[in-house]
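A look at the structure
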Amino acid sequence: MLIVKNSIVSDDIVDRRFCCDLSQCKGQCCVEGDCGAPLLDEEIPILEQILPQVEPYMTEAGKAVVQSEGVATFNNAAEPCTPLVNNRECAYVSWGDDGTAFCAIEQAFRDGKIDFMKPISCHLYPLRVDEYGEFTTVNYHQWDVCRCAVVKGNQEGQPLYEYLREPLVRRFGQDWYDELLLMIELKNKE
């Protein structure tokens, strides 16, 4: 494990290779699972504000769920998360012609309609961040639906921490990421 500022970072972030292969997995991380994507408390009012710009990208079923449940719901641990359609896909899923699940929020962002890319937990996936008072843990979530991303990451030699540089900087800041790189360099010299 690595200690980066007030974060405890799993060795997997250094040792694992990972690169999403959407053509293979078809966005199953947005469909499978037992609850929606974790949300930060401060993301809920953002979702409420941007919903009118995101709705055109959403399915009718997703819009109906958000209308009845709100932009967020709660998981079994009473933590906020995105609502689900029929206990399956995220309410913010949009479907491509080939059956690939896309994020309606991210599509609105890429089209310049909003300035919020998507919830940080989605951007960081397959990393999961948990807060414990003043400390944060950063762990790799291994899941079968991402098997093709591991294969592609191994083929390309793409370390997880490099693949997720942008969301790690978004979540923790450039200074944190620079310190992570320093800690990795020190670890590799051991």
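On a predicted model such as this, the values are computed, not experimentally measured, just so you know.

Each aromatic ring pair is described using two quantities: the centre-to-centre distance and the angle formed by the ring planes. The full count for this structure, using the stated rule, is three aromatic pairs. On the basis of an interplanar angle of 20 degrees and a centroid distance of 4.2 Å, the ring pair of Phe172 and Trp176 is categorised as stacked. Residues Phe172 and Trp176 agree in their burial class; the two are buried. One residue, Arg171, lies across the ring of Phe172, its end atom 4.7 Å from the ring centre.

This brings us to the environment of Val138. For Val138, the position within the fold is in strand 10 (residues 135-140). Separated by 81 residues in the primary sequence, Val138 and Tyr57 place their C-alpha atoms 31 Å from one another. With residues near it in sequence (within four places) discarded, Val138 still touches Ile8, Val9, Ser10, Ile13, Leu127, Arg128, Val129, Phe172 and Trp176.

Moving on to the sheet that holds strand 10. Spatial strand order, 1-2-10-9: four strands in an open sheet with mixed pairing. One side of each edge strand has no neighbouring strand; the edge strands of this open sheet are strand 1 (2-4) and strand 9 (127-132). The sheet shows a mean angle of 25 degrees between the axes of neighbouring strands, direction not considered. Strand direction decides the pairing type here: strand 9 and strand 10, joined by six bridges, are antiparallel. Bridging from a neighbouring strand, Leu127 pairs with Tyr140 of strand 10. The strands touched by helix 9 (residues 165-172) are strand 2 (7-9), strand 9 and strand 10; relative to strand 9, the strand with the most contacts, the crossing angle is about 15 degrees.

Conventions used here
Residues numbered from 1 in each chain as written. Predicted model: local features only at pLDDT ≥ 70, side-chain atom pairs only at ≥ 80, totals over all residues. Heavy atoms only, no water. Phe/Tyr/Trp six-rings, centres within 6.5 Å; stacked < 30°, edge-to-face > 60°. Buried < 20%, exposed > 50% of the residue type's maximum accessible area, 1.4 Å probe, protein only. Lys NZ or Arg CZ within 6 Å of the ring centre and 35° of its normal. Helix = DSSP H or I, 4+ residues; strand = E, 2+ residues; numbered from the N terminus. Contact = heavy atoms within 4.5 Å. Pairing = 2+ DSSP bridges. Axes fitted to C-alpha atoms, helices over the stretch in contact; angles between N-to-C directions.

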